[in-house]
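Secondary and tertiary structure notes
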Amino acid sequence: QKEVEQDPGPLSVPEGAIVSLNCTYSNSAFQYFMWYRQYSRKGPELLMYTYSSGNKEDGRFTAQVDKSSKYISLFIRDSQPSDSATYLCAMSVNTGNQFYFGTGTSLTVIP
Amino acid sequence: DTAVSQTPKYLVTQMGNDKSIKCEQNLGHDTMYWYKQDSKKFLKIMFSYNNKELIINETVPNRFSPKSPDKAHLNLHINSLELGDSAVYFCASRQGAAAEAFFGQGTRLTVV
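Below is a short write-up of the structure. (Residues numbered from 1 in each chain as written. Chains lettered and ligands numbered in written order. Predicted model: local features only at pLDDT ≥ 70, side-chain atom pairs only at ≥ 80, totals over all residues. Heavy atoms only, no water.)

**Points about the layout of surface pockets**
The method is simple in principle: a probe with the dimensions of a water molecule rolls over the atoms, and the space it marks as empty is what remains. This is how it is decided: Definitions used for this entry: grid spacing 1 Å over protein atoms alone; cavity, a set of points where a 1.4 Å probe fits but cannot get out; pocket, an open set with protein on both sides within 12 Å along at least 5 of 7 lines; lining residue, one with an atom within 4 Å of a point. Grid points are joined across faces, edges and corners, and a volume is the space filled by probe spheres set on the points. Each helix is a run of DSSP H or I of at least 4 residues and each strand a run of E of at least 2, with the numbering of both proceeding from the N terminus. All residues other than Ala, Val, Leu, Ile, Met, Phe, Trp, Tyr, Cys, Pro, Asp, Glu, Lys and Arg, Gly among them, are scored as polar; the first ten of these are nonpolar and the last four charged.
When its volume is computed, the largest pocket comes out at roughly 270 Å³. As for the largest pocket, its lining consists of 20 residues, of which Arg-41 of chain A together with Gln-37, Lys-41, Val-88 and Arg-108 of chain B are closest to the centre. Looking at the lining of the largest pocket, the elements with two or more residues in it are β9 (87–94) and β11 (107–111) of chain B. Take the lining of the largest pocket: its biggest share by element is 4 residues, from β11 of chain B. Of the residues that constitute the lining of the largest pocket, the class distribution is 5 nonpolar, 9 polar and 6 charged.

Right, here's the structure in full:
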């Protein structure tokens, strides 16, 4: 079993739709939860991060962490064609030195 | 200024050859990584160096050898390249236990 599970998609939505991306994990020691966005032929870039449980909002993006269910989500409101990318969740233990990535979900927003 | 830079960006080589990928970061970070991304976009850590010392060495064939001449550089040398080594290799850096890791643009390695 992988440390982090993520549905690879692909996911295709019309412009303006609300997108929900999710990951589950097995290691209860994870404390930092991150979402990276990767455009084609580019390196991943940090989009959002959350420490422990709760919600975090940044513009059109909302990250949620439910540690009791070992489940994290990223919501994108009013999705734009420029949001078309692969979204990778990543997790890290509090004092650890390693990120564990999900397999990434490929998202296409159709104009 | 590119924070994490890798060279080359593309590398096409024959089976059995030896090749190196270079990585440099100008962020002053103390930790650097090598990740391998397969065709299904799965990012798997290979090596982690903290202050020039190897911290993580995942199950990677001995043909892969990282070298960190100083905190700002982490190079990856690959001996006797195999078809299965074809992937995109990413270098990344991070400061301590900070949440954000900065990635290079990747090196697309194709072994023919």
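**Observations concerning unusual backbone geometry**
What counts, and what does not: Accessible area is worked out with a 1.4 Å probe on protein chains only. A residue is then buried under 20% of its type maximum, exposed over 50%, and partly exposed in between.
For the peptide bond that leads from Gly-9 of chain A to Pro-10 of chain A, omega is 10 degrees, which places it in the cis range. Position of Pro-10 of chain A among the secondary structure elements: in the loop between β1 (4–6) and β2 (11–14). A cis amide bond links Thr-7 of chain B to the next residue, Pro-8 of chain B, at an omega of -5 degrees. You can see Pro-8 of chain B is positioned in the loop between β1 (4–7) and β2 (10–13). A positive phi is found at Asp-78 of chain A, a non-glycine position, where the angle reads about 45 degrees. On the secondary structure map, Asp-78 of chain A appears in the loop between β8 (71–76) and β9 (85–93). Note on Asp-78 of chain A: relative accessible area 44%, which makes it partly exposed.

**Considering the state of the cysteines**
Filter applied, for reference: Note on terminology: disulfide denotes any pair of cysteine sulfur atoms within 2.5 Å.
Within this structure, the stated rule accounts for 2 disulfides over all chains. Across a sulfur-sulfur distance of 2.0 Å, Cys-23 of chain A and Cys-89 of chain A are joined as a disulfide pair. Its torsion about the S-S bond being -100 degrees, the disulfide of Cys-23 of chain A and Cys-89 of chain A is classed as left-handed. In this pair, Cys-23 of chain A sits in strand β3 (residues 19–25) while Cys-89 of chain A sits in strand β9, placing the two residues 66 residues apart along the sequence. Considered together, Cys-23 of chain A and Cys-89 of chain A belong to a single accessibility category, that of buried residues. Between the sulfur atoms of Cys-23 of chain B and its disulfide mate Cys-91 of chain B the distance is 1.8 Å.

**Topic: the pattern of salt bridges**
Note the following rule: When a carboxyl oxygen of Asp or Glu is within 4 Å of a side-chain nitrogen of Lys or Arg, the pair counts as a salt bridge.
Overall, the coordinates contain 4 salt bridges over all chains when judged by the stated rule. Glu-57 of chain A is paired through a salt bridge with Arg-77 of chain A; the nearest N and O atoms lie 3.4 Å apart. Placement of Glu-57 of chain A in strand β6 (residues 54–58) and of Arg-77 of chain A in the loop between β8 and β9 is noted, with a sequence separation of 20 residues between them. With relative accessibility at 58%, the residue Glu-57 of chain A sits in the exposed group. Two residues, Arg-63 of chain B and Asp-85 of chain B, come together in a salt bridge whose shortest N-O distance is 2.8 Å. Of the two residues, Arg-63 of chain B is situated in the loop between β6 (53–57) and β7 (64–70) and Asp-85 of chain B in the loop between β8 (73–78) and β9; the sequence distance between them amounts to 22 residues.

So, to be careful, I would describe these as geometric facts and stop short of saying anything about function.
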